[in-house]
Amino acid sequence: MVAETKPEAGRPARIRRRTGSNAMSVFAKQGILIAFALFIVGFAIFSDRFLSAENLMTVIRQSAIIGVMAIGVTVVVIGGNLDLSVGSMLSFSTVLVVDLHDQMGPGLAILVMLAATLCLGAVNGLLVGYARLNSLIVTLGMLSAIQGLVLIYSGGQNVDIVNQESTWFAIFGRGYVFGIATPIVIFLVFALLVHVLMSSTAFGRRVYAVGGNPTAAVFSGIRRSRVVFTTYLISAFATGCAAVILGSRVMGSQNNVGQGYELLVLAGVILGGTSLLGGSGNVLKTVVGVLILGFIQNGLLLMGFAYYVQWLVTWIVIILAVWLDVAAKRGRLFSPIA
Amino acid sequence: MTPKMKTWIAGTTAMAGIALAGGALAQDDPVTIGITQNNVGVDSYQTTYEQAFVDAAAANPNVETVVLDAGGDVARQIAQIQDLIQQRVDAIIIWPTNGNAVVPAVRQAHQAGIPVVITNSNIAEEGMDFIAAFSGPDNITQGAYSAELMCEALAEEGQDPAEASGQIVQISGQPGYTTAIERQKGFEDRLAEACPGVEIMETQPGDWNREKSQRVMEAFLTKYDTIDGVYSGDDNMGVGALNAAKAAGRADEMAFIGATNFAVGYEAMERGEYYGSIYQSPVDDAEAALQTALDVLAGEDVPKLNYFETPKITQENMTEFSKPVF
Amino acid sequence: MNNALTWLLRNPIWGFVLLIFVFFSVSNEFFFDPQNFKNILVQTSTIGLIALGMTLVMINGNIDLSVGATLALAASLAIDIQGWEVFASWGSWAILPGVLAGLLSGVLLGALNGFIVWKTGVDAFIVTLGAMLGVRGLVFIYTQEQSFFAMNFAYSDFGASSVGPLPTLAVLFLLFALITHLLLSRTVHGRNTYAVGGNREAAVNAGIRVGPHMLINFVIVGFFAALAGITLSTQMGASTPNLGREYELWTITAVVLGGTKLSGGSGTIIGTLGGVLAIGILRNGMNLMQVPAFYVLVILGTILIAVLFLDKQLTRRGKGELRT
């Protein structure tokens with residue numbers, strides 16, 4: 001693999017024209033990190049429990065499920081598409097892995113579940129990659145269809161793992177690796193792996209190329225359909241991993257457990273500065289985006305605000321963060337639209 | 001419109017007319033009861049309820065049913081009520097998605113001469129004139145029972161429960177949903193009476209969702225160094241809270257009280273981790289609703305409010321109850 | 001005959017509407033009945049009204065995900081304000097300030113979305129995804145999680161009333177559909193809507209002020225979302241803070257089924273009407289045929305993808321293959 005890695009890995013290898021002031025562009029480029037720091041300082045001032053190691057670990061652990069999914073969706077979005085089906089897919093995979101656990105043991109259950117989840121991802125990939133249908137509508141349709149499939153599969157009943165004490169399945173959601181909660185380990189290792197995949201492999205460059213300029217990508221010999229297809233497999237695999245964490249954490253599942261996750265996941269991806277137009281984005285920044293969402297939620301709850309205040313704050317944060325990002329790229333604060 | 005289309009429409013009208021007449025003939029003897037449920041599949045209680053309802057109706061040769069589900073959406077439920085009126089069913093059973101918002105639709109059914117039975121969760125006061133009867137659990141009393149259980153759980157050995165003291169947190173059900181509101185109200189009112197020494201430090205919704213409740217409890221555990229008890233609006237959320245406390249190694253210092261005993265709650269009670277709950281059977285709930293509707297149709301004098309028994313269940317008396325199937 | 005066929009080819013969704021109409025008429029005894037048609041019209045009017053505005057926004061190449069939350073806010077305001085002490089002596093006129101406040105909230109939120117899209121240049125999808133969360137937060141803060149109830153039955157009587165043979169809500173919907181259709185097909189604003197969505201640079205060169213133009217369309221969709229919230233609340237005589245969840249998804253689905261392209265530049269109100277009716281008839285028909293709720297989800301999802309697929313096959317001819 002010939003790696004022409006740049007220091008700012010993850011960005012497309014395209015030269016950007018910058019006309020704006022340098023200071024602002026630096027500020028805005030790292031805007032998401034600065035916002036992150038500001039939030040942590042702010043919450044730390046208002047709640048003395050916020051900065052405790054225990055609480056920080058709790059937040060990262062809680063963010064792991066959305067985080068792992070968001071990493072997968074980031075890959076899809078960089079490829080120029082959306083994946084809204086991940087919410088139902090999470091319900092599907094969690095119900096499946098929990099239900100199969102008692103029938104065939106944890107190992108086999110995880111394998112079968114991953115295979116089934118990859119099949120759903122393949123359907124997305126076929127429809128968007130090969131049939132060239134609009135990804136928003138396809139994955140919206142799949143969101144509804146998969147939710148129906150879950151309910152048909154389980155008959156609408158909750159599923160539970162009966163013997164929770166003696167199964168090694170518990171390690172994924174409740175266990176520790178070298179003193180660190182397993183969900184955190186899975187989250188960060190997965191993020192690193194996908195980051196390397198996207199920034200230093202030929203496949204990663206193809207995804208950026210296909211998302212950035214599909215026509216040019218095709219002319220340069222990239223098989224666009226296959227690349228898009230693969231991004232959906234990655235997203236489905238990520239959702240399967242998230243389902244293992246979730247199922248192990250709760251040791252049971254409701255059929256609608258993933259409802260609404262698709263939009264939270266997307267919010268995390270967007271906060272990380274990935275453009276919905278495709279072709280740019282960074283997996284590690286998605287991690288930061290997801291953590292910001294987690295810290296907003298946790299910080300506001302610790303400060304005693306009602307849970308719905310976080311939605312209002314998220315609104316403002318999303319718009320400010322993306323605005324800064326966009327402004328830095330075009331070199332001026334306000335849009336040139338007349 | 002082209003003439004061709006007109007002929008075509010006329011043709012279909014005639015066909016539909018014949019179909020309608022045929023339908024009317026076949027529909028002589030048995031009664032048709034339509035039901036629109038809140039959100040089947042969202043948890044096992046509702047799913048088991050539907051199963052039990054269908055089974056109970058199938059066991060009665062004189063009953064035909066139209067079983068619908070609103071998927072938690074008020075607007076869809078109103079549309080379904082209209083669709084049931086359209087089918088001229090003999091009675092409509094409604095499990096309201098929202099106690100206020102279905103009132104006008106209930107009124108329409110009432111005006112169309114179709115008796116309405118509300119099941120599981122009652123509608124707003126303003127709608128009571130338009131329904132034939134309500135059948136379901138008494139959620140206020142359930143909340144009060146849970147409060148009494150909390151007092152008992154927090155009382156020291158040999159202490160009068162009324163003297164109990166402690167600091168507790170509450171995880172409520174879906175905001176805006178009648179069952180959640182009533183259980184919370186029943187719990188808070190009775191707790192203040194039964195053991196004024198027990199203080200509710202904070203209440204957050206768990207949306208009837210175990211994972212959500214687990215997250216809420218994790219925040220509580222970070223925030224409060226002392227938690228003596230946790231009241232959850234149902235056992236599904238209660239077990240989520242228990243999961244969180246166990247993970248933090250603090251489950252032993254607090255008492256868990258729930259409502260609507262789920263199988264997971266029953267098992268946790270067996271293991272001695274869960275103090276008590278309220279036993280509420282979806283099968284009783286469904287059968288009571290169907291029976292109430294049949295009584296109304298038979299012209300019997302049915303009381304407005306029909307509560308079925310929902311007793312307290314604790315580690316001590318749990319052997320008297322069979323394990324919930326959901 | 002030939003004319004009808006080409007028309008159908010251009011609006012394939014109406015062919016689908018016809019198909020399911022015939023199917024349900026034949027297979028269910030209760031479907032083909034004027035009363036049921038009225039029900040369908042009322043039931044589709046909520047999503048339908050929003051879809052009218054959404055069509056304009058989507059032809060512009062934008063999207064609005066915040067409509068469901070806006071709907072809930074307008075409904076809550078309309079119901080709550082008409083019960084205020086100040087208006088106690090107004091009798092049924094107390095409804096007026098409530099409805100006005102509800103509509104105003106929609107217009108303002110639409111303007112806010114439009115303004116942010118215009119000035120920041122952030123993608124409308126992101127701006128309105130944020131607003132979807134934030135406005136829902138506003139609803140919960142305003143209502144304190146409570147549902148409101150209209151004391152005055154005159155309010156819910158309006159929702160159940162009729163104009164001649166047709167339900168008032170259906171008339172309202174059809175009337176606004178006609179107005180929007182005329183706006184889109186007969187006015188300068190309508191022509192600009194296509195121009196901005198089709199080729200923004202060309203539109204700028206032609207002297208169209210793109211920013212304010214898009215803002216107006218966001219205001220229109222905000223107004224329609226609020227109006228839909230109010231008509232829906234007249235059917236319920238109440239409002240709930242969770243009202244309208246996922247409506248944005250169904251609205252977008254209906255508009256896309258109606259042939260509007262997500263990339264902008266093309267779409268019609270007639271198509272949108274077909275898309276809305278398709279979903280309404282499917283839901284109504286499946287209710288009447290007692291299709292189990294779990295299967296309804298699968299069927300709706302599959303049909304959505306299938307129609308998209310067929311539409312692609314129909315419009316594929318003669319077009320470049322590389323662009324999506």
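The shown structure was predicted, so the numbers you read here are calculated from the model rather than taken from an experiment.

**Things to note about the interface of chain C and chain A**
Phase 1 of the analysis: Counting residues at the interface gives 42 residues for chain C and 42 residues for chain A.
Phase 2 of the analysis: Mapped onto the side of chain C that touches chain A, the elements with two or more residues apiece are α5 (95-120), α6 (124-143), α11 (210-236), α12 (247-257) and α14 (293-316) of chain C.
Phase 3 of the analysis: No other element matches α6(C), which puts 13 residues into the side of chain C that touches chain A.

**Some points on unusual backbone geometry**
Phase 1 of the analysis: Phi is positive for Thr260(B), which is not a glycine, with a value near 45°.
Phase 2 of the analysis: When you line up the elements, Thr260(B) lands in the loop between β9 (255-257) and α9 (263-270).
Phase 3 of the analysis: Positive phi values are uncommon outside glycine, yet Gln290(C) reaches one of about 60°.
Phase 4 of the analysis: Relative to the helices and strands, Gln290(C) is located in the loop between α13 (269-288) and α14.

**A short note on the interface of chain B and chain C**
Phase 1 of the analysis: Facing the 33 residues of chain B at the interface are 32 residues of chain C.
Phase 2 of the analysis: Those elements that place two or more of their residues in the side of chain B that touches chain C are α1 (3-26), β2 (63-69), α3 (74-86) and α4 (103-111) of chain B.
Phase 3 of the analysis: Considering every element that reaches the side of chain B that touches chain C, the biggest residue donor is α3(B), with 8 residues.
Phase 4 of the analysis: Along the lines of polarity and charge, the residues of the side of chain B that touches chain C split into 16 nonpolar, 14 polar and 3 charged.

**Quick look at the sheet that holds β2(B)**
All names here are of chain B.
Phase 1 of the analysis: As summarised here, the arrangement of the 6 strands in space is β2-β1-β3-β4-β5-β11, forming an open sheet in which the pairing is parallel. Whereas interior strands pair on both sides, the edge strands pair on one side only; in this sheet they are β2 and β11 (305-307). Shown here is a sheet whose adjacent strand axes are inclined to one another by a mean of 20°, direction ignored.
Phase 2 of the analysis: The pairing of strand β3 (residues 91-94) with strand β4 (residues 116-119) spans 3 bridges and is parallel. Following the sheet pairing, isoleucine 94 is matched in β4 by isoleucine 118.
Phase 3 of the analysis: The strands that α3 touches are β1 (31-37), β2 and β3; relative to β1, the one it contacts most, it runs at about 175°.

**Points about the pairing of strand β5 (residues 133-136) of chain B**
Residues and elements named next belong to chain B.
Phase 1 of the analysis: Strand direction decides the pairing type here: β4 and β5, joined by 3 bridges, are parallel. In the sheet register, threonine 119 faces β5, and the bridge partner there is serine 135.
Phase 2 of the analysis: Two elements, β5 and β11, share 3 bridges in a ladder whose sense is parallel. If you follow glycine 136 over to β11, its bridge partner there is tyrosine 307.

**Quick word on α5(C)**
Phase 1 of the analysis: Here α5(C) is 26 residues long and its end C-alpha atoms lie 37 Å apart, about the 38 Å a rise of 1.5 Å per residue gives.
Phase 2 of the analysis: Of the residues one or two after α5(C), Gly121(C) is the one with positive phi, at around 75°.

**Some details on the confidence of the model for chain C**
The predicted coordinates ought not to be read in detail in places where the model reports low pLDDT.
Phase 1 of the analysis: In the predicted model, chain C carries a mean pLDDT of 90, and 97% of its residues have values of at least 70.
Phase 2 of the analysis: For this predicted complex, the interface confidence reaches an ipTM of 0.88, while the overall pTM sits at 0.87.

**Focus on the pairing of β1(B)**
On a regular strand, one side chain projects to one face of the sheet and the next to the other, so that they alternate.
Residue and element names in this part refer to chain B.
Phase 1 of the analysis: Where burial is concerned, most of β1 is hidden: 5 out of the 7 residues are buried.
Phase 2 of the analysis: Bridge count between β1 and β2: 7 bridges; the pairing is parallel. In the sheet register, threonine 32 faces β2, and the bridge partner there is glutamate 64.
Phase 3 of the analysis: Handedness of the crossover is the feature at issue here: the chain leaves β1, passes through helix α2 (residues 44-59), returns alongside β2, and the resulting connection is right-handed.
Phase 4 of the analysis: With 4 bridges joining them, β1 and β3 adopt parallel strand pairing. Looking across to β3, one finds that threonine 36 is bridged to isoleucine 94.

**As for the packing of helix α4 (residues 67-81) of chain C against α12(C)**
Residues and elements named next belong to chain C.
Phase 1 of the analysis: Orientation of α4 relative to α12, taken along the N-to-C sense of each, is 125°, at an axis distance of 7 Å. Relative to α12, the element α4 lies oblique. Together, Val67, Gly68 and Leu71 of α4 and Tyr247, Glu248 and Thr251 of α12 make up the contact between the two elements.
Phase 2 of the analysis: For the contact of α4 with α12, the residue count by class is 3 nonpolar, 2 polar and 1 charged.

**Quick look at the environment of Leu138(C)**
All names here are of chain C.
Phase 1 of the analysis: Relative to the helices and strands, leucine 138 is located in helix α6.
Phase 2 of the analysis: We classify leucine 138 as buried; it has 21 C-beta atoms within 10 Å.
Phase 3 of the analysis: Each C-alpha atom of the pair leucine 138 and phenylalanine 23 lies 44 Å from the other, and the pair is 115 residues apart in sequence.

**Let's talk about the environment of Val116(B)**
All names here are of chain B.
Phase 1 of the analysis: Looking at where valine 116 falls in the secondary structure, it is placed in strand β4.
Phase 2 of the analysis: When the C-alpha positions of valine 116 and alanine 293 are compared, they lie 7.9 Å apart, and in sequence the two are 177 residues distant.
Phase 3 of the analysis: Ignoring sequence-local partners within four residues, the contact set of valine 116 consists of Ile92, Ile94, Val106, Ala109, His110, Phe130, Ile131 and Ala132.

**Structural notes on the confidence of the model for chain A**
Phase 1 of the analysis: For chain A, the average pLDDT comes to 88, and 91% of its residues sit at 70 or higher.
Phase 2 of the analysis: Between residues 1-20 of chain A, whose pLDDT stays under 50, and residues either more than four places distant or in other chains, the model counts 26 contacts.

**Some points on helix α6 (residues 178-194) of chain B**
Residues and elements named next belong to chain B.
Phase 1 of the analysis: Counted at 1.5 Å a residue, the expected span for α6 with its 17 residues is 24 Å, and the 24 Å between its end C-alpha atoms agrees.
Phase 2 of the analysis: Among all positions of α6, only Thr178, Thr179, Ala180, Ile181, Glu182, Arg183, Gln184, Gly186, Phe187, Arg190 and Leu191 are buried.
Phase 3 of the analysis: For α6, the secondary structure elements touched by its buried residues are α5 (139-154), β6 (165-172), β7 (197-205) and β8 (229-232).

Rules used throughout
For every chain, the first residue of the written sequence is number 1, and numbering continues from 1 onward in sequence order. Labels follow written order: the first chain is A, the first ligand is 1, and so on. Only residues with pLDDT of at least 70 get local features here, since the model is predicted, and only at 80 or more are side-chain atom pairs given and counted; chain-wide, interface and lining totals rely on the full set of residues. We call two residues in contact whenever the C-beta atoms placed from their backbones are within 7 Å. Elements are defined by DSSP. Helices are runs of H or I of four residues or more, strands are runs of E of two residues or more, and each kind is numbered from the N terminus. Classification convention: Asp, Glu, Lys, Arg as charged; Ala, Val, Leu, Ile, Met, Phe, Trp, Tyr, Cys, Pro as nonpolar; all other residues, Gly among them, as polar. In this scheme, strands are said to pair when DSSP sees at least two bridges between them. Here the axes come from fitting lines to C-alpha atoms, over the contacting stretch only for helices, and the angles between their N-to-C directions go from 0 to 180 degrees. What a helix is expected to span follows from its residue count: subtract one and scale by 1.5 Å. One confidence number per residue, pLDDT, is output by the predictor and ranges from 0 to 100. Around each residue's C-beta, the other C-beta atoms within 10 Å are counted; 20 or more make the residue buried, 12 or fewer make it exposed, and counts in between make it partly exposed. All C-beta atoms are placed from the backbone. Here, the term right-handed applies to a crossover whose path from the first strand over the helix to the second runs clockwise when the strands point away from the viewer. Relative orientations are named as follows: roughly parallel for angles under 35 degrees, roughly antiparallel for angles over 145 degrees, roughly perpendicular for angles from 65 to 115 degrees, and oblique for any other angle.

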